[in-house]
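# Report on the structure
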Amino acid sequence: MKWMEQELRLLSVASLERSLQDSSIDLEFPGYTVRSERALLNLSSNNYLGLAGHPAIIEAMREALLSEGAGSGASRLVTGNRAPYRRLEQALAEWHGSEAALVIANGYMANIGVIGALVGRGDVVFSDRLNHASIVDGVVLSRAQHIRYRHNDMEHLRTLLSKYRDCRRKLIVTDAVFSMDGDKACLSELALLKQEFGAMLMVDEAHSGGIYGRRGEGLCHNLGLQDQVDIHMGTFSKSFGVYGAYICGSRTLIRWLVNHARPLIYSTALPPSLVAGISKALELVISDHWRRERLFEATRIFRSSLSQSGFIIGDGDSPIVPLIVGNNEVALRFSRELETQGIAAVAIRPPTVPDGTARIRFSLSAVHSDKELMDAADCIRTIGHRMGVL
Ligand SMILES: *Cc1c(COP(=O)(O)O)cnc(C)c1O
């Protein structure tokens, strides 16, 4: 095992070693995280709508915990498919206007399971170069040919689709909002290309579900493209504030997945209490439009404060705001400086992002106030100046 220590030392020297940091929260102050007994403004959480500590969700989970018990005891195909699942999947299909829906343990397993169920040897997956790691792993595990197109480069994708025109099954897969950059996929162009080349289209709405659309259905609905997308995937771990993932699509698709998605078949069903909590979160996502409005307002304020200070953060309205500094060590120091000033914002480094694009990734929440965000932006500017990033 000596090799491990040597490799870890190299990681550490390159400012690339990760370590686990304890954080705790106080439900009364959902915009903060507590680290070493200090409350830090949390600009590194995916709790976009502020639902993670919502009393109605906690109550729904508590009730189901008392009536259904702690664990589900088996996988869904055995005896783990308890009542809360049916209720949730019906509500999901209705919300999405799709024929059917399927809940899978989490986003990572959903992507692995779905991609592995749709394609195999002899098939091709066309995947945006900046897609989430769970998509990459799903393609690798599926044994299909893995073709990565340049980020949002539709000409490049078209060339590749032409080249592999005669393959058996073709799947195009993309994040709707890219998790480390906060920009959006070219969904209308993807829908056209999918038609033209007879491919399947899968969209991962992990960072857009709950946020875009009149009832939080996601970016595809917001653009009126829901019927062009064959496989809608999203998570309950981000804007829903709970945990888990969903697939929405045709009845045939869901039937296929129940028979072929290995993470569904070979893993224990989520605890019923969690599933009941997700149902309550879905109700709140649908009804509390004001949370989306507040999130976009908060995002506008934060983005414009940073732009006015001279930071290049790109435009857009996503609550994911990357501040690319390039160098790994600088990103790490920047993050530590922010922590000293009472702000939690992690440094994202390779291999999560491409080499030379280390960054601070801010993610905003409906629970942050204007003042908190403007003060944070001031603080970021001061540090940026001091470190020569601005
Ligand atoms: C977070 C994320 C996932 C994984 O979801 P989990 O429920 O956290 O496992 C998948 N895809 C994207 C784009 C994500 O950002």
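Residues numbered from 1 in each chain as written. Predicted model: local features only at pLDDT ≥ 70, side-chain atom pairs only at ≥ 80, totals over all residues. Heavy atoms only, no water.

Moving on to the overall build of the protein chain. A tally of regular secondary structure across the protein chain gives 15 helices and 13 strands. Expected size for 390 residues packed as a compact globule is a radius of gyration near 21 Å; at 21 Å, the protein chain falls within 12% of this value. Considering only C-alpha atoms, the protein chain reaches an extent of 55 × 55 × 50 Å along its principal axes. Taking the contacts inside the protein chain whose residues are at least 6 apart along the sequence as the reference set, 70% of them involve residues at least 24 apart. Accessible area for the protein chain stands at about 18,100 Å²; split by element, carbon and sulfur atoms hold 51% of it. Side chains of the protein chain carry 43 positive and 43 negative charges; the gap between the two charge centres is 5 Å. (Helix = DSSP H or I, 4+ residues; strand = E, 2+ residues; numbered from the N terminus. Rg over C-alpha atoms; globule rule 2.2 N^0.38 Å. Contact = heavy atoms within 4.5 Å. Areas by Shrake-Rupley, 256 points an atom, 1.4 Å probe, with all protein chains shown as cover. Lys, Arg positive; Asp, Glu negative; His and termini not counted. Charge placed at Lys NZ, Arg CZ, Asp CG, Glu CD.)

Glancing now at the domain arrangement of the protein chain. Here the domain parsing of the protein chain yields domain 1 (15–49 + 289–387) and domain 2 (55–287). Just the C-alpha atoms count here: the centres of domain 1 and domain 2 sit 27 Å apart. With 20 residues of domain 1 in contact, the opposing surface of domain 2 contributes 23 residues. Where domain 1 abuts domain 2, roughly 1,600 Å² becomes buried across the two surfaces, and 57% of that area is made up of carbon and sulfur atoms. Linking domain 1 with domain 2 are two salt bridges. As a salt-bridge pair, Asp317 and Lys184 come within 2.9 Å of each other at their nearest N and O atoms. The tally of links between domain 1 and domain 2 comes to twelve residue pairs in polar contact (both at pLDDT 80 or more). For the side of domain 1 that touches domain 2, a count of residues per class yields eleven nonpolar, five polar and four charged. (Domains from an automatic or database assignment. Buried area = accessible area lost by both parts, 1.4 Å probe. Salt bridge = Lys/Arg side-chain N within 4 Å of Asp/Glu carboxyl O. Polar contact = N/O pair within 3.5 Å; in protein donor to acceptor, adjacent residues only side chain to side chain. Nonpolar A, V, L, I, M, F, W, Y, C, P; charged D, E, K, R; others polar.)

A surface patch of nonpolar side chains, about 380 Å² in accessible area, is lined by Met1, Trp3 and Met4. Residue placement: Met4 occurs in helix H1 (residues 2–13). Accessibility expressed as a relative area gives 31% for Met4, which makes it partly exposed. (Patch = residues over 30% accessible without salt bridge, like charges linked within 9 Å, V, L, I, M, F, W, Y side chains within 5 Å. Buried < 20%, exposed > 50% of the residue type's maximum accessible area, 1.4 Å probe, protein only.)

Next up on the list: the packing of helix H13 (residues 289–308) against helix H15 (residues 370–387). One way to put it is that H13 packs onto H15 with a least axis distance of 9 Å and a crossing angle of 25°. One finds that H13 runs roughly parallel with respect to H15. Note on packing geometry: the crossing formed by H13 with H15 is right-handed. Across from Arg294, Ala298, Ile301, Phe302, Ser305 and Leu306 in H13, the residues of H15 making contact are Asp370, Leu373, Met374, Ala376, Ala377 and Ile380. The class makeup of the residues in the contact of H13 with H15 is nine nonpolar, one polar and two charged. (Axes fitted to C-alpha atoms, helices over the stretch in contact; angles between N-to-C directions. Parallel < 35°, antiparallel > 145°, perpendicular 65-115°, else oblique. Left-handed = near helix turned anticlockwise from the far one by under 90°.)

A word on the side chain of Asn111. Assignment of secondary structure puts Asn111 in helix H5 (residues 107–118). By relative accessible area, Asn111 is classed as buried at 0%. Reaching out from Asn111, the side chain makes a polar contact with the side chain of Asp204 at a distance of 3.0 Å. Excluding anything up to four places from it in sequence, Asn111 contacts Ser134, Ile135, Gly138, Met202, Asp204 and Met233.

How two aromatic rings sit relative to each other is set out by the distance from centre to centre and by the angle between their planes. Within this structure, the stated rule accounts for eight aromatic pairs. An angle of 70° between the planes, with centres 6.2 Å apart, marks the rings of Phe126 and Tyr164 as edge-to-face. Taken together, the residues Phe126 in strand E4 (residues 124–128) and Tyr164 in the loop between helix H7 (154–163) and strand E6 (170–175) connect sequence positions 38 residues apart. Residue classification places Phe126 among the buried residues on the basis of a relative accessible area of 0%. On the basis of relative accessible area, Tyr164 is assigned to the buried category, the value being 15%. (Phe/Tyr/Trp six-rings, centres within 6.5 Å; stacked < 30°, edge-to-face > 60°.)

Counting across every chain of the model gives 21 salt bridges. Glu196 is paired through a salt bridge with Arg158; the nearest N and O atoms lie 2.8 Å apart. Here Glu196 is found in helix H8 (residues 187–197), whereas its partner Arg158 is found in helix H7, with 38 residues between them in sequence. The class for Arg158 is partly exposed, based on a relative accessible area of 29%. Across the salt bridge formed by Lys280 and Glu283, the nearest N and O atoms sit 3.0 Å from each other. One end of the pair, Lys280, and the other, Glu283, are both in helix H12 (residues 272–287), three residues apart, so they sit about a helical turn from each other. Each of Asp123, Arg168 and Arg169 takes part in a single network of salt bridges with overlapping partners.

Attention now goes to the sheet that holds E4. Taken together, the seven strands give an open sheet; going across it, the order is E3-E9-E8-E7-E6-E4-E5, and neighbouring strands pair in mixed fashion. The strands lining the two open edges of the sheet, one partner per strand, are strand E3 (100–104) and strand E5 (145–149). Sheet twist, expressed as the mean angle between neighbouring strand axes with direction ignored, is 20°. As paired elements, strand E8 (residues 231–235) and strand E9 (residues 245–249) share four bridges and run antiparallel to each other. Paired with Thr235 across the bridge in E9 is Ala245. Along the sheet face, helix H4 (residues 83–96) touches E3, E8 and E9 and points at about 130° away from the line of E3. (Pairing = 2+ DSSP bridges.)

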